[in-house]
Amino acid sequence: MNNIIFEHPLNEKMRTWLRVEFLLNQLNVHCHFNDNSALIFFHALSELLEIIERNDIKGDLVKELESQKQKLILWLNVEGVDHDLLNDLIHQFDDFIAQFNAIGRLGQPLKDDRFITAIRQRLMIPGGCCSFDLPSFHLWLRISQERRYNQIKNWLQHLSILDKSLTCYMQLIRRLGEFRPFVYTNNFFQETNGDVNLIRIRISLDKNVYPQVSGHLSRYSIRFLALENYDNVNTDEIEFELACC
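Residues numbered from 1 in each chain as written. Predicted model: local features only at pLDDT ≥ 70, side-chain atom pairs only at ≥ 80, totals over all residues. Heavy atoms only, no water.

Caption draft 1: Focus on helix α9 (residues 160–175). Helix length check: α9, at 16 residues, gives a terminal C-alpha distance of 23 Å against a target of 22 Å (1.5 Å per residue), a fit within 8%. With 12 of its 16 residues buried, α9 lies for the most part within the structure. (Helix = DSSP H or I, 4+ residues; strand = E, 2+ residues; numbered from the N terminus. Expected span 1.5 Å × (residues − 1). Buried < 20%, exposed > 50% of the residue type's maximum accessible area, 1.4 Å probe, protein only.)

So, in structure tokens, the structure goes:
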């Protein structure tokens, strides 16, 4: 059976991590672009730098890594746990924290890059990246693919510690939640849990519905809606799975 997983953050920090993760994935997927798809990469890069500029991403992520590391250390005293796995994660988090502490402001070389800055400024204008607006970008797209990609790899290197550490952190968070079956009835589902950062909703694609989630931290509600109003979908009773992370 083909399923789809929807994720919804229950606090502002998790909302930021999901957005940063999404943009990093966009950069990694679209870094091998051609002339027609180049702006997808630069839109994602610009939006990621905007988030970094508006938030203390480095400081907040270091705190999250340190907090999770302390929880992992406590789990070492639990009988039956995989000590090798826990120790490996603890060493990874220590390494990430050390790398963050060794750098200055996250992404600063990208913010100071005049070429990237010029593109970011024009991206704010509809159609602002035409050849007459950005002749330097127009020329750059005509240089060899190898030369362009070497420059892109250098840019992404400044974000590699963010990419690796956030990937590891989010993998751990998602593993904390086990999917459990529920039934959605009477067009409403409400749940109260402990301190939850993220809920994950898994449902069959055949249902052709998506969840609308409202709530915060331990209390939230879910409604399932049809993709289109004219879709013949019965939302009175829907089986789905829910994981609280």
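More follows now that the structure is in view.
Caption draft 2: Broad picture of the pairing of strand β5 (residues 209–216). With eight bridges joining them, β5 and strand β6 (residues 219–226) adopt antiparallel strand pairing. Residue pairing in the sheet places Val 209 in a bridge with Ala 226 of β6. In sequence, β5 turns back onto β6 through a hairpin of two residues, with Leu 217 there showing a positive phi of about 55 degrees. (Pairing = 2+ DSSP bridges.)

Caption draft 3: Representation of the packing of aromatic side chains in the model. Scanning all chains against the criterion turns up 18 aromatic pairs. Between Phe 33 and Phe 42 the ring centres are 6.1 Å apart and the planes differ by 55 degrees, which places this aromatic pair in the tilted class. Exposure remark for Phe 33: the relative accessible area of 4% places this residue in the buried category. Overall, Phe 42 belongs to the buried group, its relative accessible area being 2%. Between Phe 115 and Trp 140, the ring centres sit 5.3 Å apart and the planes meet at 50 degrees, which makes this aromatic pair tilted. Remark: Trp 140 occurs in helix α7 (residues 135–140) and Phe 115 occurs in helix α6 (residues 114–123); sequence separation between them is 25 residues. Trp 140 shares its class with Phe 115; the two are buried. The rings of Phe 33, Phe 41, Phe 42, Phe 115, Phe 137, Trp 140 and Trp 155 are connected pair by pair, giving a single aromatic cluster. Looking at Arg 148, its charged tip hangs above the ring of Trp 140, at a distance of 5.8 Å from the centre. In this arrangement the basic side chain of Arg 202 is found over the ring face of Phe 179, its NZ or CZ atom lying 4.0 Å from the centre. (Phe/Tyr/Trp six-rings, centres within 6.5 Å; stacked < 30°, edge-to-face > 60°. Lys NZ or Arg CZ within 6 Å of the ring centre and 35° of its normal.)

Caption draft 4: Focus on the sheet that holds β6. In spatial order, the strands read β3-β6-β5; together these three strands make up an open sheet with antiparallel pairing. This sheet does not close on itself; its edge strands, each paired only once, are β3 (189–192) and β5. Recorded for the sheet is a direction-independent mean angle of 20 degrees between the axes of neighbouring strands. (Axes fitted to C-alpha atoms, helices over the stretch in contact; angles between N-to-C directions.)

Caption draft 5: Fine view of α6. Along α6, the positions that sit buried rather than exposed are Phe 115, Ile 116, Ile 119, Arg 120 and Leu 123. Viewed end-on, α6 has its buried residues packed into an arc of 130 degrees, placing them on one side of the element. Buried residues along α6 sit in contact with α2 (38–54), α5 (108–112), α7 and α8 (145–157). For α6, the side-chain oxygen to backbone nitrogen distance between the N-cap and Phe 115 is 2.9 Å, and the N-cap itself is Asp 113. (Arc of directions from axis to C-beta. Contact = heavy atoms within 4.5 Å. Polar contact = N/O pair within 3.5 Å; in protein donor to acceptor, adjacent residues only side chain to side chain.)

Caption draft 6: Main features of the nonpolar core. If you look at the biggest cluster of nonpolar residues, it comprises 56 residues, and the most contacted ones within it are Phe 41, Phe 42, Leu 45, Phe 137, Trp 140 and Trp 155. The residues touching Trp 140, leaving out its near neighbours within four places in the chain, are Phe 33, Phe 42, Phe 115, Arg 148, Gln 151, Ile 152 and Trp 155. Judged by nonpolar contacts, the second largest core, of 15 residues, contains Phe 189, Val 209, Val 213 and Ile 222. (Core = buried A, V, L, I, M, F, W, Y, C linked by side-chain atoms within 4.5 Å.)

Caption draft 7: Representation of a nonpolar patch on the surface in the model. A surface patch of nonpolar side chains, about 360 Å² in accessible area, is lined by Leu 74, Trp 75, Val 78 and Leu 176. You can see Trp 75 is positioned in helix α3 (residues 57–75). (Patch = residues over 30% accessible without salt bridge, like charges linked within 9 Å, V, L, I, M, F, W, Y side chains within 5 Å. Areas by Shrake-Rupley, 256 points an atom, 1.4 Å probe, with all protein chains shown as cover. Salt bridge = Lys/Arg side-chain N within 4 Å of Asp/Glu carboxyl O.)

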